[in-house]
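If you want the building blocks of each chain, they are given just below.
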Amino acid sequence: MAEARHNPKLLDSFSPNQFKTKLKLLNHIKNLNIINENSKVTIFGGWYGSILIPALKECKKITLIDKDSDVISTSKKRLFAHYSNIEFISDDVFNNFRDSYISCDLFINTSCEHMPSMKEWGPSPTYKNPWWGRINPNAYFAFTSNNMFDIEGHINCVNNIEEFKKQLPDNAKVLIEDEIKDERGTRFLLIGKL
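Residues numbered from 1 in each chain as written. Predicted model: local features only at pLDDT ≥ 70, side-chain atom pairs only at ≥ 80, totals over all residues. Heavy atoms only, no water.

Using the criterion set out here, one finds zero disulfides in the structure. Here C112 stays unpaired: no disulfide links it, and the sulfur of C157, its closest cysteine neighbor, is 11 Å away. By relative accessible area, C157 is classed as buried at 10%. (Disulfide = S-S within 2.5 Å. Buried < 20%, exposed > 50% of the residue type's maximum accessible area, 1.4 Å probe, protein only.)

Taking a probe equal in size to a water molecule and rolling it over the atoms shows the remaining empty space. In this structure, the largest pocket occupies an estimated 880 Å³ of space. Lining the largest pocket are 40 residues, and of these G45, W47, D66, S111 and H114 sit closest to its centre. Secondary structure elements with two or more residues in the lining of the largest pocket: α2 (8-12), α3 (16-32), β2 (61-66) and β5 (140-146). With four residues, α3 is the largest single contributor of residues to the lining of the largest pocket. Looking at the lining of the largest pocket residue by residue, the class counts come to twelve nonpolar, 16 polar and twelve charged. By volume, the second largest pocket amounts to about 260 Å³. Taken together, 14 residues form the lining of the second largest pocket, with I29, K30, I35, A55 and L56 sitting closest to its centre. (1 Å grid on protein atoms, 1.4 Å probe; cavity = no way out; pocket = protein on both sides within 12 Å on 5 of 7 lines; lining within 4 Å. Points joined across faces, edges and corners; volume = space filled by probe spheres on them. Helix = DSSP H or I, 4+ residues; strand = E, 2+ residues; numbered from the N terminus. Nonpolar A, V, L, I, M, F, W, Y, C, P; charged D, E, K, R; others polar.)

Time to look at α3. The end-to-end C-alpha separation of α3 is 24 Å, in line with the 24 Å expected for 17 residues at 1.5 Å each. Where α3 is concerned, the buried positions are N17, Q18, T21, K22, L25, L26, H28 and I29. Projected down its long axis, α3 carries its buried residues within an arc of 160°, all on one side. Away from its buried face by more than 90 degrees, α3 exposes P16, K30 and N31. In the stretch just after α3, N33 is the one whose phi turns positive, near 55°. (Expected span 1.5 Å × (residues − 1). Arc of directions from axis to C-beta.)

Read across the open sheet, the seven strands follow the order β3-β2-β1-β4-β5-β7-β6; overall the sheet is mixed. In this open sheet, the two edge strands, each paired with only one partner strand, are β3 (86-90) and β6 (173-182). Strand-to-strand, the axes of this sheet are offset by a mean angle of 15°, without reference to chain direction. Examined bridge by bridge, strand β4 (residues 106-109) and β5 share four bridges and lie parallel to one another. Counterpart to N109 in the pairing with β5 is F143. Where helix α5 (residues 69-79) meets the sheet, it contacts β2 and β3, and its direction lies at approximately 160° from that of β3. (Pairing = 2+ DSSP bridges. Axes fitted to C-alpha atoms, helices over the stretch in contact; angles between N-to-C directions. Contact = heavy atoms within 4.5 Å.)

See below:
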């Protein structure tokens, strides 16, 4: 609470729209029964992790990656300093392949509108094999995007869920599709297996 009083961005990470979307995502994950106390989860563009980290705290390991070093510092030193199962990384998720991806059970990206298509994550020819081909073959994904083109920082919005599906890696199998309306537009949710 002390941090939120001085940090409006942190408060925004708890907004009703953020909460509603992440709650839907978490409920779908729970209903699919794809994670447990032995699971390793990677969150791309995780912002503060304010909603997802407490909900996933029973997992064996959580890796939170965000480009904003201030956000990562706040999460690591103030919000979740008492958690021992989180690795905080300040980086662009497209920059480096990490060994932790090889054993990751679930990749979450609730910021797809802020970055290139996940199909482009570590593609050839930069690497002989796209990163999706080098991760845990039993991994799942949970991604969201939206059609809120007019929001600053949204570089890759989609008009509908079909457009969003085209941004998935070729080997992705969608298990859940959902749409969440809010006053600014629609958020699109895809959960599946890689």
